[in-house]
Amino acid sequence: MKKNEMFGWIAYAAMLALVLGIGFGVIQPMIQGANDADQIMNPILLLVLAVIASLILNAFLIEAGHLLGAAIGKYGVHSVNVLFFNFQKKKEGKGVSFSFHSYDGLTGETILYPKDVEKSKPQAVVYMPLVLFFVEVVALVVWIVLCEVGRNSGNTGLVWWEIFAIAALTVGGMLYLYDIFPAPLDSKNDGYLLTVLTNETNRVAYNKLLLGNYQMLVGEKAEEMEVYDSVTDFTYGVNDIILYRRLAEGKLVEAASIAEKAVRSQETLSGRLVHEASCQRVSLLLLAGEEEKGRLAYKEMSIEDKKHASLLGSAPAVRAHLLISGLIDGSYQETIRALDESDRAIRKSPEGKRALEENLIVDGLRMIHKAHPDWDLSAYNIGEEEVSSTEEKAPLAGEAPSREEEKPSGGEEGPKE
């Protein structure tokens with residue numbers, strides 16, 4: 001088990017221990033000792049409502065804390081996402097647009113950019129959610145104490161409101177335990193930032209990362225950054241920005257070499273990012289026409305890497321599975337499955353990457369069409385008679401060497417047109 005994965009299990013174990021400890025040690029005895037005559041609703045329904053209310057409340061509080069911290073630390077705000085409700089600043093800078101959008105975080109995500117790379121300080125972005133949670137804790141503790149006083153005065157029905165408050169406090173504690181856990185987890189968390197922002201160099205690098213991501217989102221020209229040879233969950237983000245810049249320049253092989261640095265950093269990088277980098281490497285090499293290197297990269301993929309690709313959970317994973325299925329395995333069914341998921345995966349990608357991802361999928365589809373002209377891909381506007389017009393409409397991210405002279409490779413055939 002990799003170190004980062006171990007930290008994840010520790011965080012989840014701590015969260016589970018908190019829930020079970022409060023649930024069986026505090027809430028269950030209170031329910032058993034409550035007077036049925038004073039019951040305001042079914043206990044299970046009461047707990048479900050408490051969990052939902054606390055989840056929504058704390059999701060808003062965490063992102064509100066990020067906004068306050070951004071103002072204190074001198075950061076601009078591009079978007080705020082709370083439980084898929086996404087509010088984003090309009091490109092012209094006036095007003096806010098709303099949409100439902102995925103996010104990288106447990107309950108939400110706030111995308112910031114530094115107003116000054118050297119002077120903006122992110123520590124307040126981490127601390128302010130904790131300040132708001134402290135206010136919530138104080139309010140709920142006062143609520144619980146008042147319920148206790150009321151019960152002692154004979155109003156036994158208040159026990160149910162006390163249970164509601166304890167359940168809400170437990171859920172909030174669980175969420176903040178995840179958020180402040182001092183290690184990289186499956187979703188972005190604030191606690192990990194504290195471990196990498198303890199010195200000036202990392203703080204400036206982090207600000208450059210935020211600025212690079214923001215510039216990519218809004219389509220601005222970004223300054224060049226250093227590619228890290230030793231890749232961690234933190235430096236992966238910097239390298240990823242440079243990788244997509246190389247893709248925009250049509251330098252697929254160079255982009256693949258950046259992904260390879262992540263593949264070779266398995267001891268310092270979380271498994272999810274290693275799998276994603278492996279998908280990037282094999283797909284970009286195949287797209288660049290480096291078939292031999294692409295096949296070698298495919299052989300080096302672990303079982304977990306291939307499973308990650310086959311789950312089609314991201315645009316790089318879809319791209320890898322599409323090209324592996326179409327150019328290496330010769331599987332028509334798996335090629336179609338990847339194509340059917342491509343639109344969804346592209347929509348899930350950050351806004352600044354979507355056009356690139358779409359072009360890369362189109363490039364891969366053309367290559368597969370040339371390799372298997374007898375496969376029925378007409379539903380994807382890549383029929384034999386449509387190739388020339390399609391190529392004019394969608395610019396290539398990086399043109400692969402011509403394969404017109406090659407004969408169609410063997411493999412599983414799809415229905416003929």
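Everything in this summary refers to the structure shown in the same document. Predicted model only: the values in this text are computed from it and were never measured. (Residues numbered from 1 in each chain as written. Predicted model: local features only at pLDDT ≥ 70, side-chain atom pairs only at ≥ 80, totals over all residues. Heavy atoms only, no water.)

## What to know about the sheet that holds strand E3 (residues 96–100)
Here comes step 1: Taken in spatial order, the 4 strands make up an open sheet running E3-E2-E1-E4, and their pairing is antiparallel. Of all the strands in the sheet, the pair left with one neighbour each is E3 and strand E4 (108–114). For this sheet the average axis-to-axis angle between neighbouring strands, irrespective of direction, equals 20 degrees.
Here comes step 2: Strand direction decides the pairing type here: strand E2 (residues 85–89) and E3, joined by 5 bridges, are antiparallel. Across the sheet, Lys-89 pairs through a bridge with Val-96, a residue of E3.
Here comes step 3: This element, helix H2 (residues 43–73), spans strand E1 (75–82) and E4 of the sheet and lies at about 175 degrees to E1. (Pairing = 2+ DSSP bridges. Helix = DSSP H or I, 4+ residues; strand = E, 2+ residues; numbered from the N terminus. Axes fitted to C-alpha atoms, helices over the stretch in contact; angles between N-to-C directions. Contact = heavy atoms within 4.5 Å.)

## As for helix H4 (residues 158–179)
Here comes step 1: Taking 1.5 Å per residue as the helical rise, H4 with its 22 residues ought to reach 32 Å, and the 32 Å between its terminal C-alpha atoms agrees with that figure.
Here comes step 2: Counting buried residues along H4, 18 of its 22 residues qualify, which places the element largely inside the surrounding structure. (Expected span 1.5 Å × (residues − 1). Buried < 20%, exposed > 50% of the residue type's maximum accessible area, 1.4 Å probe, protein only.)

## Some details on the side chain of Asp-305
Here comes step 1: Mapped onto the secondary structure, Asp-305 falls in helix H11 (residues 303–310).
Here comes step 2: Salt bridges are absent for the buried Asp-305, whose nearest opposite-charge side chain, Arg-281, sits at 6.5 Å.
Here comes step 3: From its side chain, Asp-305 meets the backbone nitrogen of Ser-302 in a polar contact 3.0 Å long.
Here comes step 4: Those residues within four positions of Asp-305 in sequence are excluded, and the remaining contacts are Val-274, His-275, Ser-278 and Cys-279. (Lys, Arg positive; Asp, Glu negative; His and termini not counted. Salt bridge = Lys/Arg side-chain N within 4 Å of Asp/Glu carboxyl O. Polar contact = N/O pair within 3.5 Å; in protein donor to acceptor, adjacent residues only side chain to side chain.)

## Structural notes on the packing of aromatic side chains
Here comes step 1: Summed over the entire model, instances satisfying the criterion amount to 10 aromatic pairs.
Here comes step 2: The interplanar angle of 55 degrees and the centroid separation of 4.9 Å between the aromatic rings of Phe-84 and Tyr-103 together place this pair among those described as tilted. Of the two residues, Phe-84 is situated in the loop between E1 and E2 and Tyr-103 in the loop between E3 and E4; the sequence distance between them amounts to 19 residues.
Here comes step 3: Taking relative accessible area as the criterion, Tyr-103 reaches 19% and is therefore assigned buried.
Here comes step 4: An angle of 20 degrees between the planes, with centres 4.1 Å apart, marks the rings of Phe-133 and Tyr-176 as stacked. Residue Phe-133 is found in helix H3 (residues 123–152), and its partner Tyr-176 is found in helix H4; the two are separated by 43 residues along the sequence. Residues Phe-133 and Tyr-176 agree in their burial class; the two are buried.
Here comes step 5: Through a chain of ring-to-ring contacts, the aromatic side chains of Phe-85, Phe-87, Phe-98 and Phe-100 assemble into a single cluster.
Here comes step 6: In this structure, Lys-306 is placed above the aromatic ring of Tyr-298, and the distance from its NZ or CZ to the ring centre is 4.7 Å. (Phe/Tyr/Trp six-rings, centres within 6.5 Å; stacked < 30°, edge-to-face > 60°. Lys NZ or Arg CZ within 6 Å of the ring centre and 35° of its normal.)

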